[in-house]
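Structural features, examined
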Amino acid sequence: MHIAIIGTGRMARGLARGWLHAGHTITFGSRAPDQRQDLLAELPGAELTDTVAAMERAEIVLLAIPFEAVKNFALAHADLLRERLVIDITNPFDKLPDNRIAGAEITATAIGDGARVIAAFKDNFWKTLDSPVSSTGLIRDVHFAGDDAEGKAVVTQLVEDLGFRPVDCGPLRNARVLDAMVPLMLELDQRYGGGAAESSWKFLTS
Ligand SMILES: NC(=O)c1ccc[n+]([C@@H]2O[C@H](COP(=O)([O-])OP(=O)(O)OC[C@H]3O[C@@H](n4cnc5c(N)ncnc54)[C@H](OP(=O)(O)O)[C@@H]3O)[C@@H](O)[C@H]2O)c1
């Protein structure tokens, strides 16, 4: 698949590395592509351009920018985003207007009717993206939520392509829970993981 990753930071690079390895086409969309040329050496095969050109080329857009920037980005590019599957990995922490809405719901509202937004990877530390299997031998989960069945099937495959275990957490409104899991993950990582940011949530059945 052709994935536009908006942002060129830690999550963007980690996800791109895995998907390039799996054979996907990655185009980074940056505010300053001329200043991000190191990306092309770090991730051979990836493309790098401005945000609009990246989205125009792709069928999937993954938002890996700060949560504070997402609403305006979605409003500004609603027409492009509406025609694509949007994966929102951004974490609002305490920046939500109230705790009864998910960051990804704000993204979907900004894009407007027809938006296909899946919240995913919110509770996966960037440091773990290269190690889908933990040191104790457990496959790490990727939790996602959304209302678009086809989009979720695509995300399921993309998660498996990274070697992680996809966990469908239900409708987009359940992203409210995923948002809330992130600060708790940080607290637990401090308490039990020494603050190394290498821990993960794991949903276990029998
Ligand atoms: N770090 C984690 O472990 C983790 C885990 C799960 C989810 N997340 C979420 O994933 C997103 C990215 O996190 P990250 O750790 O990869 O961040 P990061 O390393 O700081 O990278 C963010 C990227 O977004 C772009 N950017 C920065 N400020 C922006 C702005 N005001 N408007 C538009 N673009 C801007 C920059 O790319 P350009 O300058 O090239 O445009 C930058 O490289 C965040 O929303 C975060 O909450 C992070």
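Structure first, text after, so check above.
Everything quoted here is computed from the prediction, not taken from an experiment.

The rules behind these values
- Residues numbered from 1 in each chain as written.
- Predicted model: local features only at pLDDT ≥ 70, side-chain atom pairs only at ≥ 80, totals over all residues.
- Heavy atoms only, no water.
- Helix = DSSP H or I, 4+ residues; strand = E, 2+ residues; numbered from the N terminus.
- Rg over C-alpha atoms; globule rule 2.2 N^0.38 Å.
- Buried < 20%, exposed > 50% of the residue type's maximum accessible area, 1.4 Å probe, protein only.
- Contact = heavy atoms within 4.5 Å.
- Areas by Shrake-Rupley, 256 points an atom, 1.4 Å probe, with all protein chains shown as cover.
- Lys, Arg positive; Asp, Glu negative; His and termini not counted.
- Charge placed at Lys NZ, Arg CZ, Asp CG, Glu CD.
- Near = heavy atom within 4 Å.
- Polar contact = N/O pair within 3.5 Å; in protein donor to acceptor, adjacent residues only side chain to side chain.
- Nonpolar A, V, L, I, M, F, W, Y, C, P; charged D, E, K, R; others polar.
- Core = buried A, V, L, I, M, F, W, Y, C linked by side-chain atoms within 4.5 Å.
- Expected span 1.5 Å × (residues − 1).
- Arc of directions from axis to C-beta.

To continue, consider the overall build of the protein. Secondary structure summary: the protein contains eight helices and eight strands in total. The C-alpha atoms of the protein give a radius of gyration of 16 Å, which matches the 17 Å a tight globule of 206 residues would have. If you line up the protein on its principal axes, its C-alpha atoms span 45 × 40 × 30 Å. Each of the 206 residues in the protein was classed as buried or not, and the buried ones make up 51%. By sequence separation, contacts in the protein at least 24 residues apart represent 67% of the contacts at least 6 residues apart. In the structure as shown, the protein presents an accessible area of about 9,900 Å², 51% of it carried by carbon and sulfur atoms. Distance between charge centroids for the protein: 4 Å, based on 21 positive and 28 negative side chains.

Attention now goes to the site of the ligand. Around the ligand lies a shell of 21 residues, among which Thr8, Ser30, Arg36, Ile65 and Trp126 are the nearest. Take Arg10: an N or O atom from its side chain is 2.8 Å from an oxygen atom of the ligand. Within the contact set of the ligand, an oxygen atom lies 3.1 Å away from a backbone nitrogen or oxygen of Asn91. Alone, the ligand offers 900 Å² of accessible surface; in the complex the protein occludes 78% of this. Tallied by class, the residues present in the shell around the ligand amount to 10 nonpolar, seven polar and four charged.

Let us now look at the nonpolar core. The nonpolar side chains of a soluble globular protein tend to be buried with one another. Ranked by size, the top nonpolar core spans 32 residues in total, and within it Ile5, Leu15, Trp19, Phe28, Leu62 and Phe121 carry the most contacts. Element by element, the count of residues in this core is highest for helix α1 (residues 10–21), at six residues. Listed in part, the 26 residues of the second largest apolar core include Ala58, Ala74, Val86 and Ile111.

Glancing now at helix α7 (residues 149–161). Here α7 contains 13 residues, and its C-alpha end-to-end distance of 18 Å stays within 8% of the 18 Å for a straight helix at 1.5 Å per residue. Where α7 is concerned, the buried positions are Gly151, Lys152, Val154, Val155, Leu158 and Val159. The buried residues of α7 occupy one face: seen down the axis, they fall within an arc of 155°. Of the exposed residues in α7, those oriented more than 90 degrees away from the buried face are Ala149 and Glu150. The positive-phi residue at the C-terminal boundary of α7 is Gly163, with phi of around 90°.

Bringing unusual backbone geometry into the picture now. The residue Phe121 is not glycine, and still its phi comes out positive at about 65°. You can see Phe121 is positioned in the loop between β6 (116–120) and β7 (141–146). On the basis of relative accessibility, which here comes to 2%, the residue Phe121 falls in the buried class. Residue Ala197 is not a glycine yet carries a positive backbone phi of 55°. Considering the arrangement of structural elements, one finds Ala197 in the segment after α8 (175–193).

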